[in-house]
Amino acid sequence: FDIELAKDKSDKNPVYYLQYAYARICGIFRNANENISGYNDSNIERSYIHEEPEVLELIKCLAKFPEEILNSYSNLEPHKIIYYLNSLAELFHKFYHNYRIVNPEEPERTYSRLQICQITKQVLKNGFFIVGISAPERMWVLMLNDWNNINKLAEIKFKEKEWEDNRTFQVFYY
């Protein structure tokens with residue numbers, strides 16, 4: 001076990017990488033809610049045809065979740081769940097970087113991609129629950145270089161009413 005890697009707040013840390021994928025998906029849904037006129041979750045539940053290679057690869061990975069959990073349990077190898085979740089997060093990030101998910105000018109395509117995001121989010125959350133990882137809806141990264149900024153941060157923290165356990169907050173000093 002590498003304690004320094006566990007403390008690292010970057011995509012080198014597997015837990016941070018997984019949480020970042022989850023938080024990114026939550027951000028996508030906030031973006032959709034703000035930018036799509038008449039946004040409606042029920043449109044995500046419709047049937048869509050997915051043809052993009054990255055989406056099909058992601059769907060195949062999502063479909064393996066029950067099998068991965070069963071195999072991990074049967075063979076007493078819980079680390080394999082982390083490997084699976086890491087592969088899923090990697091495929092999701094690839095999908096995210098290759099496609100514009102929220103596009104108000106293409107609502108049908110947007111909802112079809114949001115459907116993939118919703119399923120990925122649920123599988124990540126279920127996997128996190130099994131292995132004991134929190135599922136933050138936001139991840140904050142602030143770069144602070146002096147005590148004045150740190151004092152301002154403290155003011156922000158107390159002013160924000162929605163400061164909750166499901167957020168991860170990171171402060172880097174330089």
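Residues numbered from 1 in each chain as written. Predicted model: local features only at pLDDT ≥ 70, side-chain atom pairs only at ≥ 80, totals over all residues. Heavy atoms only, no water.

Engineer: When you look at the side chain of His93 in this model, what are you seeing that I'm missing?
Structural biologist: On the secondary structure map, His93 appears in helix α5 (residues 79-98). His93 gets classed as buried once you look at its relative accessible area, which sits at 7%. In this structure the side chain of His93 is engaged in a polar contact, spanning 2.9 Å, whose partner is the side chain of Arg24. For His93, the residues in contact, after removing those within four places along its chain, are Tyr17, Tyr20, Ala21 and Arg24. (Helix = DSSP H or I, 4+ residues; strand = E, 2+ residues; numbered from the N terminus. Buried < 20%, exposed > 50% of the residue type's maximum accessible area, 1.4 Å probe, protein only. Polar contact = N/O pair within 3.5 Å; in protein donor to acceptor, adjacent residues only side chain to side chain. Contact = heavy atoms within 4.5 Å.)

Engineer: How should I be thinking about the environment of Asn98 in this particular structure?
Structural biologist: Relative to the helices and strands, Asn98 resides in helix α5. Among the residues examined, Asn98 registers a relative accessible area of 43% and is labelled partly exposed. Among the polar contacts made by the side chain of Asn98, one reaches the side chain of Glu54 at a distance of 3.1 Å.

Engineer: Just checking my understanding: could you explain the packing of helix α3 (residues 53-63) against α5 for this structure?
Structural biologist: The relative placement of two packed helices is expressed as an angle between their axes plus a distance between the axes. The N-to-C vectors of α3 and α5 enclose an angle of 160°; their axes lie 9 Å apart at closest approach. Taken together, the axes of α3 and α5 lie roughly antiparallel to each other. Taken as a pair, α3 and α5 cross one another with a handedness that is left-handed. Along its contact with α3, which presents Glu54, Val55, Glu57, Leu58, Cys61 and Leu62, the element α5 presents Tyr84, Leu88, Leu91, Phe92, Lys94, Phe95 and Asn98. The residue inventory of the contact of α3 with α5, partitioned by class, reads 9 nonpolar, 1 polar and 3 charged. (Axes fitted to C-alpha atoms, helices over the stretch in contact; angles between N-to-C directions. Parallel < 35°, antiparallel > 145°, perpendicular 65-115°, else oblique. Left-handed = near helix turned anticlockwise from the far one by under 90°. Nonpolar A, V, L, I, M, F, W, Y, C, P; charged D, E, K, R; others polar.)

Engineer: Any chance you could explain unusual backbone geometry here in plain terms?
Structural biologist: With glycine set apart, most residues show a phi of negative sign, and most peptide bonds adopt trans. Positive phi, close to 55°, is recorded for Leu76, a residue that is not glycine. Within the element layout of this structure, Leu76 appears in the loop between α4 (65-74) and α5.

Engineer: It is not clear to me how the pattern of salt bridges should be interpreted in this structure. Could you clarify?
Structural biologist: This structure, assessed with the given rule, holds 5 salt bridges. Its salt-bridge partner being Lys94, residue Glu57 comes within 3.5 Å of it at the nearest N-O pair. Of this pair, Glu57 sits in helix α3 while Lys94 sits in helix α5, placing them 37 residues apart in sequence. Residue classification places Lys94 among the partly exposed positions, given a relative accessible area of 37%. (Salt bridge = Lys/Arg side-chain N within 4 Å of Asp/Glu carboxyl O.)

Engineer: Help me out: how do you make sense of α3 in this one?
Structural biologist: Because each turn of an α-helix spans 3.6 residues, side chains separated by three or four positions in sequence point in the same direction. Taken as a whole, α3 has its buried residues at Glu54, Val55, Leu58, Cys61 and Leu62. The arc that holds the buried residues of α3, viewed along the axis, is 125°, so those residues lie on one side. α3 presents Pro53, Lys60 and Ala63 as exposed residues on the side facing more than 90 degrees away from its buried surface. Here the buried face of α3 lies against α4, α5 and α6 (107-131). (Arc of directions from axis to C-beta.)

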